[in-house]
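A structural walkthrough
Read off the chains here:
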Amino acid sequence: MSPPEMAVRPATAADLPAVAAIYEHYVAHSVATFEEVPPTVDDWRRRLDELTGRGLPFLVAAEGDEVAGYTYAGPWRPKPAYRHTVEDTIYIAPGRTGRGLGRLLLGALLTDLEKTDTRQVIAVIADTGSGASEALHRHFGFSPAGRLTGVGHKHDRWIDTSLMQRDLTTT
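Here we summarise the structure given alongside this text.

Let us look at the overall build of the protein chain. Counting secondary structure elements, the protein chain contains four helices and seven strands. Mapped in sequence order, the helices and strands of the protein chain form the string β-α-α-β-β-β-α-β-α-β-β. Taken over C-alpha atoms, the radius of gyration comes to 15 Å for the protein chain, in line with the 16 Å a tight globule of 171 residues would show. With the principal axes as the frame, the protein chain shows a C-alpha extent of 40 × 40 × 35 Å. Taken over 171 residues, the protein chain has a buried fraction of 42%. Considering only intrachain contacts with a sequence separation of at least 6, the fraction spanning at least 24 residues in the protein chain is 66%. Within the protein chain, one finds 18 positive and 22 negative side-chain charges whose respective centroids are separated by 5 Å.

Take a look at the structure:
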């Protein structure tokens, strides 16, 4: 299935209410994120400013003014020696999943990251039971890097996470 006609572009402050609404859905209705309280638009504004200030991409897939999904890369860990390693994040608006937007966004994110000093991209994937995120990452050359068992507790269940990794120096 080909992706819908979407433009992938850098996120702006005007996109943040839609980004917040997409993420709020996953906070409230899934275990895809371990957040239990959705960040506010102001929280998202700070995140956008921090990431872009570090030269890291924060992208949206938009059809006209409607944001259908977003992706960004953030620091993997705060210690300085990790500065060349990032963690990717991708969320698609409810009702827009399964249409190729994840591929569109992750492909654009990786392309943008190749223009930075990033060497490693880590995906931390909550075990939601679907396997879609792991399949998406495998499509882009991510390899399994480990599994953490029962590290999250949300909606009255213990959740595992899978770690996947992509080396940008071997592309």
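Alright, that's what it looks like, and here's the rest.
With that settled, the discussion passes to the pattern of salt bridges. Counting across every chain of the model gives ten salt bridges. With a shortest N-O distance of 2.7 Å, Asp15 and Arg9 are connected by a salt bridge. Measuring nitrogen to oxygen at the nearest pair gives 3.7 Å for the salt bridge that ties Arg166 to Glu114. A residue pair is termed long-range when its members are at least 10 positions apart, and Arg166 in strand β7 (residues 157-167) and Glu114 in the loop between α3 (101-113) and β5 (120-126) qualify at 52 residues. Take Arg166: its relative accessible area is 12%, and that puts it in the buried class.

This paragraph deals with the side chain of Thr89. Along the chain, Thr89 falls in strand β4 (residues 85-92). Residues within four places of Thr89 in sequence aside, it is in contact with Tyr70, Thr71 and Tyr72.

With that settled, the discussion passes to a nonpolar patch on the surface. A surface patch of nonpolar side chains, about 240 Å² in accessible area, is lined by Phe34, Leu148 and Val151. Look at Phe34 and you get partly exposed, because its relative accessible area is 35%.

The next subject is the layout of surface pockets. Looking at the largest pocket, its volume works out to about 1400 Å³. What lines the largest pocket is a set of 49 residues, among which Ala32, Ile90, Tyr91, Val124 and Ser133 lie closest to the centre. Tallied by class, the residues present in the lining of the largest pocket amount to 21 nonpolar, 16 polar and twelve charged. In this model, the second largest pocket occupies a volume close to 240 Å³. The wall of the second largest pocket is formed by 16 residues, among which Arg54, Leu56, Pro75, Arg83 and Val86 lie closest to the centre. By residue class, the composition of the lining of the second largest pocket is seven nonpolar, four polar and five charged.

This part takes up the nonpolar core. Most often, soluble globular proteins keep nonpolar side chains buried together rather than apart. Counting 35 residues, the largest nonpolar core has Trp44, Phe58, Tyr70, Leu113 and Phe142 as its most contacted members. If you tally residues by element for this core, the top one is helix α1 (residues 16-29), at seven residues. Excluding anything up to four places from it in sequence, Phe58 contacts Arg9, Pro10, Ala11, Val19, Trp44, Leu48, Leu51, Tyr70, Thr71 and Tyr72. Core analysis: the next-biggest nonpolar cluster, separate from the first, contains six residues, Met6, Ala61, Ala68 and Ile92 among them.

Right, let's talk about the packing of α1 against helix α2 (residues 41-53) for a bit. Between two packed helices, what matters for the description is the angle formed by their axes and the separation of those axes. Two elements in contact, α1 and α2, have axes whose closest approach is 9 Å; the angle formed by their N-to-C orientations is 110°. Of the possible angle classes, the one that applies to α1 and α2 is roughly perpendicular. Like other packed secondary-structure pairs, α1 and α2 cross with a definite hand, here right-handed. On α2, the residues that touch Leu16, Pro17, Val19, Ala20 and Tyr23 of α1 are Val41, Trp44, Arg45 and Leu48. Partitioned by chemical class, the residues of the contact of α1 with α2 number eight nonpolar, no polar and one charged.

Rules used throughout
Residues numbered from 1 in each chain as written. Predicted model: local features only at pLDDT ≥ 70, side-chain atom pairs only at ≥ 80, totals over all residues. Heavy atoms only, no water. Helix = DSSP H or I, 4+ residues; strand = E, 2+ residues; numbered from the N terminus. Rg over C-alpha atoms; globule rule 2.2 N^0.38 Å. Buried < 20%, exposed > 50% of the residue type's maximum accessible area, 1.4 Å probe, protein only. Contact = heavy atoms within 4.5 Å. Lys, Arg positive; Asp, Glu negative; His and termini not counted. Charge placed at Lys NZ, Arg CZ, Asp CG, Glu CD. Salt bridge = Lys/Arg side-chain N within 4 Å of Asp/Glu carboxyl O. Patch = residues over 30% accessible without salt bridge, like charges linked within 9 Å, V, L, I, M, F, W, Y side chains within 5 Å. Areas by Shrake-Rupley, 256 points an atom, 1.4 Å probe, with all protein chains shown as cover. 1 Å grid on protein atoms, 1.4 Å probe; cavity = no way out; pocket = protein on both sides within 12 Å on 5 of 7 lines; lining within 4 Å. Points joined across faces, edges and corners; volume = space filled by probe spheres on them. Nonpolar A, V, L, I, M, F, W, Y, C, P; charged D, E, K, R; others polar. Core = buried A, V, L, I, M, F, W, Y, C linked by side-chain atoms within 4.5 Å. Axes fitted to C-alpha atoms, helices over the stretch in contact; angles between N-to-C directions. Parallel < 35°, antiparallel > 145°, perpendicular 65-115°, else oblique. Left-handed = near helix turned anticlockwise from the far one by under 90°.

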